[in-house]
Amino acid sequence: MTGHDDWPSYWWWRAGPVPPGDCVIVDIDGVLADAAHRQHHLDGPWRDWDSFFADVGDDDVLDEVAELLVLLAPELVVVALTSRPTWVSDATHTWLVQHKVRWDLLIMRPMGDFRPSPMFKGEQTEALAELGYLPRLAIDDDMRNVRMYRDLDLPTLYIDSGYHPH
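Computed from a predicted model, the values in this text were never measured in an experiment.

Visitor: Tell me about the nonpolar core, and please be specific about residues and values.
Guide: Membership of the largest hydrophobic core comes to 27 residues, with the highest contact counts inside it found for Val 26, Leu 32, Leu 69 and Leu 106. Sorting the residues of this core by element identifies β2 (22-26), α1 (49-54), α2 (63-71), β5 (77-85), α3 (89-98) and β6 (105-109) as the ones contributing at least two each. Broken down by element, the residue count for this core peaks at 3 residues, all from α2. Beyond its immediate sequence surroundings of up to four residues, Leu 69 is in contact with Val 26, Leu 32, Val 78, Val 101 and Arg 102. In terms of nonpolar packing, the next biggest core, distinct from the first, is built from 18 residues, Ile 25, Val 77, Val 79 and Leu 154 among them.

Visitor: Give a detailed account of a negative patch on the surface, specifying residues and quantitative values.
Guide: A cluster of like negative charges, contributed by Asp 60, Asp 63, Glu 64 and Glu 67, occupies part of the molecular surface. Per-element tally for the negative patch: the top contributor is α2, with 3 residues.

Visitor: Provide a residue-level description of the pattern of salt bridges, including the pertinent values.
Guide: All told, the structure shown has 12 salt bridges when counted by the stated rule. Note that Arg 109 and Asp 113 form a salt bridge whose closest N and O atoms lie 3.7 Å from each other. You can call Arg 109 buried: its relative accessible area is 11%. For Asp 113, a relative accessible area of 11% puts it in the buried group. Three or more residues joined by partner-sharing salt bridges are found here, namely Asp 29, Arg 38, Asp 59 and Arg 84.

Visitor: Talk me through helix α4 (residues 117-130); I want residue IDs and the actual numbers.
Guide: The periodicity of an α-helix, 3.6 residues per turn, causes residues three or four positions apart to be oriented the same way. For α4, spanning 14 residues, the distance from its first C-alpha to its last is 20 Å, which sits close to the expected 20 Å at 1.5 Å a residue. The complete set of buried residues in α4 reads Ser 117, Pro 118, Phe 120, Lys 121, Gly 122, Gln 124, Thr 125 and Leu 128. In this structure, the buried residues of α4 make contact with β1 (11-13), β2, β5, β6, β7 (134-140) and α5 (143-151). Remark: Gly 132 follows α4 within two positions and exhibits a positive phi of approximately 95°.

Visitor: Run through the pairing of β5, naming residues and quoting values.
Guide: In terms of burial, β5 is largely enclosed, as 9 of its 9 residues are buried. The pairing of β2 with β5 spans 4 bridges and is classified as parallel. Bridge pairing in β5 places Cys 23 opposite Val 77. Once you follow β5 into α3 and on to β6, the crossover reads as right-handed.

Visitor: Give a detailed account of the environment of Met 108, specifying residues and quantitative values.
Guide: Along the chain, Met 108 falls in strand β6. Residue Met 108 is classed as buried on the basis of its relative accessible area, which comes to 0%. The contacts of Met 108, once residues within four sequence positions are left out, are Tyr 10, Trp 12, Thr 82, Arg 84, Pro 85, Thr 86, Val 88, Ser 89, Thr 92 and Phe 120.

Visitor: So what's going on with the packing of α4 against α5? Residues and values would help.
Guide: Axis angle and axis distance: for two packed helices, these are the angle between their axes and the distance between the axes, and together they describe the pair. At their nearest, the axes of α4 and α5 sit 9 Å apart, and the two run at 35° to each other. Considering only the axes of α4 and α5, their crossing is right-handed. Taking contact as the criterion, the partners of Ser 117, Pro 118, Lys 121, Gly 122 and Thr 125 in α4 are, on α5, Arg 144, Asn 145, Met 148 and Tyr 149. Residues belonging to the contact of α4 with α5 are distributed by class as follows: 3 nonpolar, 4 polar and 2 charged.

The rules behind these values
- Residues numbered from 1 in each chain as written.
- Predicted model: local features only at pLDDT ≥ 70, side-chain atom pairs only at ≥ 80, totals over all residues.
- Heavy atoms only, no water.
- Core = buried A, V, L, I, M, F, W, Y, C linked by side-chain atoms within 4.5 Å.
- Buried < 20%, exposed > 50% of the residue type's maximum accessible area, 1.4 Å probe, protein only.
- Helix = DSSP H or I, 4+ residues; strand = E, 2+ residues; numbered from the N terminus.
- Contact = heavy atoms within 4.5 Å.
- Patch = residues over 30% accessible without salt bridge, like charges linked within 9 Å, V, L, I, M, F, W, Y side chains within 5 Å.
- Areas by Shrake-Rupley, 256 points an atom, 1.4 Å probe, with all protein chains shown as cover.
- Salt bridge = Lys/Arg side-chain N within 4 Å of Asp/Glu carboxyl O.
- Lys, Arg positive; Asp, Glu negative; His and termini not counted.
- Charge placed at Lys NZ, Arg CZ, Asp CG, Glu CD.
- Expected span 1.5 Å × (residues − 1).
- Pairing = 2+ DSSP bridges.
- Right-handed = clockwise from strand over helix to strand, strands pointing away.
- Axes fitted to C-alpha atoms, helices over the stretch in contact; angles between N-to-C directions.
- Left-handed = near helix turned anticlockwise from the far one by under 90°.
- Nonpolar A, V, L, I, M, F, W, Y, C, P; charged D, E, K, R; others polar.

Here you go:
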């Protein structure tokens, strides 16, 4: 992964920064990655997030969304924006490469950031826009994020992963 001194430490470019322009934002868990085998870590009164994220490398790819990214205009910047913590960045990068998922920029939740997903993803979406990466579409499986994106007037494709309440 290619980092850059001018970018946040939790942003990774696949092959170096690409020029600003229109972008699509895509979530990973439940959208690109089938995390069903990890969901049991979140059952019960105590959610075991460490175990949930430790198994990210074993996910199958969700072919429909991966193929959709291939079919999008080549000039669109593909931003994989996930609430996964940065401690699984190597496993996430390896998974993206192994499954040949199209992406240009990977943004992950920095260590110590425990805000709700819509707050983190909303802040990152606004940061992208401020840098000239203009979101044209978001794809997510969490209705809280879908509502946040739509509140930002960003068209959003909702994927029903079954992981989140509606």
